[in-house]
Amino acid sequence: MAVFDTPEEAFGVLRPVCVQLTKTQTVENVERLQAQLQAVSDSALQELQQYILFPLRFTLKTPGPKRERLIQSVVECITFVLSSTCIREQGLLQELFSELSACLYSPGSRKPAAVSEELKLAVIRGLSTLMHSAYGDILLTFYEPSILPRLGFAVSLLLGLAEQEKSKEIKMAALACLRVLLFQCDCQDHPRALDELQQKQLGDLFASFLPGLSTTLTRVITGDFKQGHSIVVSSLKVFYETVSFIMADDQLGRVSEVPAKPAVERRVAELMVHREANWVKNTGDKLTILIKKITECIAVHPHWKVRLELIDFVEALLLKCSRSLIESAGPLLKALVSLVNDESPEVQAQCNKALRCFAEEKVVVGSRAFADVLSENLHSLATSLPRLMSSQDDQGRFSTLSLLLGYLKLLGPKVDFVLNSVAHLQRLSKALIQVLELDVADVKIVEERRWNSEHLSASPETPAARPWAPMQRRYFRFFTDERVFLLLRQVCQLLGFYGNLYLLVDHFMELYHESVVYRKQAAMVLNELVVGAAGLGVENLHEKHTPADPEELREIVTSILEVYTSQENWYLVTCVETEDVGEELTMKWAGLQALASGAHPCPPTSSPAFSKPSPTICSMNSNIWQICIQLEGIGHFAHALGKDFRLLLMSALYPVLEKAGDQTLLISQAAIGTMMDICQACGYDSLQHLINENSDYLVNGISLNLRHLSLHPHTPKVLEVMLQNSDASLLPLVADVVQDVLATLDQIYDKRAATFVSVLHALMAALAQWFPDAGHLGQLQEQSIGEEGSPLSQRPSSLEKGLENPTTAEDIEQFVLNYLKEKDVAAGNVSDLDNEDEEQSDPPEVEADDTGPHVEPPLPVQIQIATDVMERCIHLMSDKSLKIRLKVLDVLDLCVVVLQSHKNQLLPLAHRAWPSLVHRLTNDDPLAVLRAFKVLRTLGGKCGDFLRSRFCKDVLPKLAGSLVSQAPVSARAGPVYSHTLAFKLQLAVLQGLGPLCERLDLGEGDLNTVADACLIYLSAKQPVKLQEAARSVFLHLMKVDPDSTWFLLNELYCPEEFTPPHSSLHPVQLRGATRQQSLYSANVLRLLPELQ
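Residues numbered from 1 in each chain as written. Predicted model: local features only at pLDDT ≥ 70, side-chain atom pairs only at ≥ 80, totals over all residues. Heavy atoms only, no water.

**Concerning the overall build of the protein chain**
No. 1: Summing up its helical and strand segments, the protein chain has 51 helices and zero strands in all.
No. 2: For the protein chain, buried positions account for 51% of its 1092 residues.
No. 3: Within the protein chain, residue pairs in contact and separated by at least 24 positions form 77% of the contacts whose partners lie at least 6 positions apart.
No. 4: If you sum the accessible surface of the protein chain, you get close to 51000 Å²; carbon and sulfur atoms cover 53% of it. (Helix = DSSP H or I, 4+ residues; strand = E, 2+ residues; numbered from the N terminus. Buried < 20%, exposed > 50% of the residue type's maximum accessible area, 1.4 Å probe, protein only. Contact = heavy atoms within 4.5 Å. Areas by Shrake-Rupley, 256 points an atom, 1.4 Å probe, with all protein chains shown as cover.)

Right under this line is the structure:
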């Protein structure tokens, strides 16, 4: 709160200080005056303004050299007074402006005086405060022609400080003061609303400064990036606000061709500028050079705020100076559209907003001049695009494509003007085709196989779990940056949205058919054209433009689909290891090989399997990618048409299912993705729903094509995929087709067995899943609950009971009698009395209702199918191909699972399959032995007693012998041994022997054979996994014969001595009790507690 509120009181205090300062100009006197001013109210200061300013101004005007510190103190004191008061006289404003500017005057140089940074900063702040303190009317009268020399001097001083000073603070203050002088201040005190006459007066005045101001600011803007982004942002703002004010179309339209004669001196009149047509044209041409330099530099500035200001720069000049700066429109638009895909979200959003503003206000589309400029730029870019795409790096390609994308967004529907030019359409398309060329030299593409068919059904149940239009990762020859590919997709989508779709599709279809070199790229472009035409993911800046008509779009999609799924484009050679390649090579390779060899100059791979020239790795990779791109295209088409795509399912779904069963991983993944896209677009809940709803005509197609298998070799794959992704409701429809498959297999099993066996595997896996056996599930549940009813679980309780009640002599006697009786029965010494008792037993009663011969009910469909399949497997188990034998053993295993509840069908088939299975187990490749042992385990669990004697006679001796002979090898082997087939075979046999012994209920002799063979694997020298597997064998043996197992383990190592239960018995001495800790001790100690 001020102490002196009235002018009288303030005058009494300030008068002595002012008089003293007038007499003696020192820093101390100035500071004393400023200290007194702090205690005076603003109203009192306003009344005494000129009185207080007099000694300060007198100090500045005193001739002779003065200390910089004194001048700085005086300027700061003047600034303080001006900040608290208002200038009400034009003369005072002009005089103070001149006096403050003169503080930085250097007589012998155009540059600002070499004074301290503090003084420069004080003067700049003083000038800014002075202009803010002037009343609105007084400020406007300040800008009259007579002030031009003084104003020009101040502007040049500030520009010099902004360009040459090293201090960032001075640079920023100079630019801020420059904005104040040029009526660009953002504060509310400055008058903003100017009438037309005032605008013209200021424009004429400021036009004199335009050359120096624009060139200096251009040097500042394009200077070193290290000067700081805020300086560049401020310089940009001063530049475009000044230029857009002086060159504004509204002002220039009101300027007369005949200049008015100003009432000023001749020298001042010579400085005045008349903004007539010639001046506008010449100035516009010169500004174009500067603007181009600025935009090229700022478009790649590292700081996002500078690039953000560039958008305002472009927007202001294009909106306000569209006619006066018509030559600058090209560089300005280029700068704007280059920021469409800026890495900064703020810049990208602001750029899109500006483009939308131009589109809505018809600045581009409605103005012929701008549309022409854009078209010319697009023409020029299209002409140089192939060269730029091949010569630039990824960042350069990204910038060029961003520019192309921006032009397309801005031109909108007028893109057709460019596309109607054949030359430019060809250049644009060739550039897209060139840059989209894929790198197909990677051998991994053709190497990656789909060995496991189960992954097909592992796809998400709902399409929502998968994003729209997923793209497989692909590698291009000319770029590696994913952003470039994203831009290319957006460019193609915009072409499809705004361009003539019929023209574009026809043109790229011609390129598709022209050469194998262009086929993949043309397909990628076609896919994106359709997506864009539907308006999916396209930012439409022109509201009146609507997506393509659905009917027309469906016609175009239908024509593309026919090309994609045609024989020569769909069934391409993708591998040389399957049996169907021979036919494919015969039918197609002769025509494709010549084209492919020209497209991909890779060395051919030799293959002795075919007499025809075999395809190269590059050509097969190329074919794989072509099929994947076409599959993705079908998914895109489905999204583009929505539920209308259901009308095309009859022609599209069958080929996609063929590829979903392909052995090449990339193709299979792409096909599954396409099916998910179809589900999402057409409103199906899942793949199962899609297949079930369309199964009638799919099954019909399979049935027809099976009759001409040589023409349709991939037909079985469709049935395979249907089975893997459907439910039991499909079985009635496919039952007849399955019989057709089996009949076809009987005829050509020697040629295409692998394909048909894969179908049978999928069929049996589906039946096992659709019709699980209730009894089998019950067994599994009982096993999972625990072993409460097993002898081992009951044994501890009996032992505890025995411990509670001591053994008596009568108990021992009864035990011996029972043992002798059981021994006689086992030896066949049965008395006649026992036989008579058996003969007198009542015969079973005959049911009253059982009056006629028993008629078996018809077999369920799945049982009949499983029976037929298992019969084929019996014959195919001896096939010369290991791959087929392995697959047949898997199918056989599933057949046993499906037939487990129908013993009358299973047991005869098992009897017929047994000799071939034994041969696989005992005399085949280790892989086949592993798979056959798995089948043996399944048979043992389902057939039980039926298999016991066969197993003990034909298999067990050889398995035991193999375990014994291989044990020393595994005991000596190192850690690498666990990766060998021999180890895996040992492990599988050890893991399976225990369950087999338990399920087959083997006799004592066979159990001893198993125990002797597995005993050596309890050694600590064996690999850990083999020890664990051996322990599992003995755990199962405990369930079958716990006493023998206990005795065998204690003979190997006995950890405790046994005292007889009665004194009349002799002590028992086991061999294991005399042994020290051995290699078997650890495993025996872990097993024995299970028996207690």
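**So, the packing of helix α10 (residues 168-181) against helix α13 (residues 229-246)**
No. 1: Two elements in contact, α10 and α13, have axes whose closest approach is 10 Å; the angle formed by their N-to-C orientations is 15°. The orientation of α10 relative to α13 falls into the category roughly parallel. Handedness of the crossing formed by α10 with α13: left-handed. On α13, the residues touching K168, K171, M172, L175, L178 and R179 of α10 are S230, I231, S234, S235, K237, V238 and E241.
No. 2: Its residues assigned to classes, the contact of α10 with α13 comprises five nonpolar, three polar and five charged. (Axes fitted to C-alpha atoms, helices over the stretch in contact; angles between N-to-C directions. Parallel < 35°, antiparallel > 145°, perpendicular 65-115°, else oblique. Left-handed = near helix turned anticlockwise from the far one by under 90°. Nonpolar A, V, L, I, M, F, W, Y, C, P; charged D, E, K, R; others polar.)

**A word on a nonpolar patch on the surface**
No. 1: On the surface, F815, V816, L817, Y819 and L820 cluster together into a nonpolar patch covering about 520 Å² of accessible area.
No. 2: Relative accessible area serves as the criterion here: at 40%, V816 is assigned to the partly exposed category. (Patch = residues over 30% accessible without salt bridge, like charges linked within 9 Å, V, L, I, M, F, W, Y side chains within 5 Å. Salt bridge = Lys/Arg side-chain N within 4 Å of Asp/Glu carboxyl O.)

**Quick look at unusual backbone geometry**
No. 1: The backbone phi angle of F183 is positive, close to 60°, even though this residue is not glycine.
No. 2: By the element assignment, F183 lies in the loop between α10 and α11 (196-207).
No. 3: Positive phi outside glycine occurs at D1001, with the angle close to 50°.
No. 4: Position of D1001 among the secondary structure elements: in the loop between α47 (981-1000) and α48 (1004-1015).

**Notes on the nonpolar core**
No. 1: The biggest cluster of nonpolar side chains holds 333 residues, and the ones touching the most others in it are Y143, F313, F645 and F951.
No. 2: For this core, the leading source of residues is helix α37 (residues 731-770), giving 18 residues.
No. 3: Residues in contact with Y143, not counting those within four places in the same chain, are M131, L151, V180, L181, F183, Q201, L202, L205 and F206. (Core = buried A, V, L, I, M, F, W, Y, C linked by side-chain atoms within 4.5 Å.)

**Here's the deal with the pattern of salt bridges**
No. 1: All told, the structure shown has 27 salt bridges when counted by the stated rule.
No. 2: Here R179 ties to E241 by a salt bridge, and the two come within 3.4 Å at their closest N and O atoms. Linking R179 in helix α10 with E241 in helix α13, this pair joins segments that are 62 residues apart in sequence.
No. 3: With relative accessibility at 22%, the residue E241 sits in the partly exposed group.
No. 4: Bridged by salt links that share partners, the residues R57, K61, E95 and E99 form one connected network.

**Digging into helix α1 (residues 7-23)**
No. 1: Over its 17 residues, α1 extends 23 Å from the first C-alpha to the last, a length consistent with the 24 Å expected when each residue adds 1.5 Å.
No. 2: At L14, α1 shows its largest bend, some 35°, and a proline, P16, comes one to four positions later.
No. 3: Listed in full, the buried residues belonging to α1 are A10, L14, V17, C18 and L21.
No. 4: Where α1 is buried, its residues meet α2 (27-37), α3 (42-47) and α4 (49-61). (Expected span 1.5 Å × (residues − 1). Bend = angle between axes of the 7 residues up to and from the residue.)

**Considering the packing of aromatic side chains**
Two aromatic rings, taken as a pair, are described by how far apart their centres are and by the angle between their planes.
No. 1: On inspection of all chains with the given rule, the structure shows 16 aromatic pairs.
No. 2: Between the aromatic rings of Y143 and F183, the centroid separation amounts to 5.0 Å while the plane-to-plane angle is 70°, which identifies the pairing as edge-to-face. Placement of Y143 in the loop between α8 (136-142) and α9 (148-164) and of F183 in the loop between α10 and α11 is noted, with a sequence separation of 40 residues between them. Take Y143 and F183: they sit in the same class, and that class is buried.
No. 3: Pairing F206 with F209 gives two aromatic rings, centres 6.3 Å apart and planes at 35°, and the pair type is tilted.
No. 4: F206 sits in the buried class, given a relative accessible area of 2%.
No. 5: We classify F209 as buried; its relative accessible area is 9%.
No. 6: Three or more aromatic residues joined by ring pairs form one cluster here, namely F97, F142, Y143, F183, F206, F209 and F245.
No. 7: Of note, R519 hangs over the ring of Y512, and the distance from its end group to the ring centre comes to 5.4 Å.
No. 8: If you follow R646 out to its NZ or CZ, it ends over the ring of Y684, 4.3 Å from the centre. (Phe/Tyr/Trp six-rings, centres within 6.5 Å; stacked < 30°, edge-to-face > 60°. Lys NZ or Arg CZ within 6 Å of the ring centre and 35° of its normal.)

**Thoughts on the environment of V27**
No. 1: Checked against the element boundaries, V27 lands in helix α2.
No. 2: Here the alpha-carbon distance between V27 and Q72, two residues 45 residues apart in the chain, equals 9.0 Å.
No. 3: Excluding its chain neighbours within four sequence positions, the residues that come into contact with V27 are R67, R69, L70 and S73.

**Focus on the state of the cysteines**
The bond known as a disulfide is covalent and runs between the sulfur atoms of two cysteines.
No. 1: A full pass over the atoms with the stated rule returns zero disulfides.
No. 2: There is no disulfide at C997, and the cysteine sulfur nearest it, in C1014, is 7.6 Å away. (Disulfide = S-S within 2.5 Å.)

**Quick look at the side chain of E437**
No. 1: Along the chain, E437 falls in the loop between α23 (422-435) and α24 (444-447).
No. 2: The class of E437 is buried, set by a relative accessible area of 14%.
No. 3: With residues near it in sequence (within four places) discarded, E437 still touches F476, R477, F478 and Q521.

**Examining the environment of Y135**
No. 1: Relative to the helices and strands, Y135 resides in the loop between α7 (117-133) and α8.
No. 2: The class for Y135 is partly exposed, based on a relative accessible area of 40%.
No. 3: Measuring from C-alpha to C-alpha, the distance between Y135 and E89 comes to 8.8 Å, with 46 residues separating the pair along the chain.
No. 4: Contacts of Y135, omitting those with residues within four sequence positions, involve C86, I87 and R88.

**Some points on a negative patch on the surface**
No. 1: Together, D5, E8, E9 and E47 give the surface a local cluster of negative charge.
No. 2: Position of E47 among the secondary structure elements: in helix α3.
No. 3: A relative accessible area of 57% places E47 in the exposed class. (Lys, Arg positive; Asp, Glu negative; His and termini not counted. Charge placed at Lys NZ, Arg CZ, Asp CG, Glu CD.)

**Regarding helix α28 (residues 550-564)**
No. 1: Over its 15 residues, α28 runs 20 Å from end to end, which matches the ideal 21 Å to within 8%, given 1.5 Å per residue.
No. 2: Looking only at α28, the buried set comprises L553, R554, I556, V557, I560, L561, V563 and Y564.
No. 3: Taken together, the buried residues of α28 touch α26 (501-514), α27 (516-533), α29 (567-570), α31 (617-641) and α32 (649-660).
No. 4: For α28, the capping residue at the N-terminal end is D549, with a side-chain oxygen 3.2 Å from the backbone nitrogen of E551. (Polar contact = N/O pair within 3.5 Å; in protein donor to acceptor, adjacent residues only side chain to side chain.)

**A closer look at the packing of helix α12 (residues 210-221) against α13**
No. 1: In the contact formed by α12 and α13, the axes pass within 9 Å of each other and the chain directions differ by 155°. Put simply, α12 runs roughly antiparallel to α13. When you trace α12 past α13, the crossing you get is left-handed. In this structure, α12 uses L210, L213, S214, L217, T218, V220 and I221 to contact α13, whose residues at the interface are I231, V232, S235, L236, V238, F239, T242, V243 and I246.
No. 2: Residue composition of the contact of α12 with α13, by class: twelve nonpolar, four polar and no charged.

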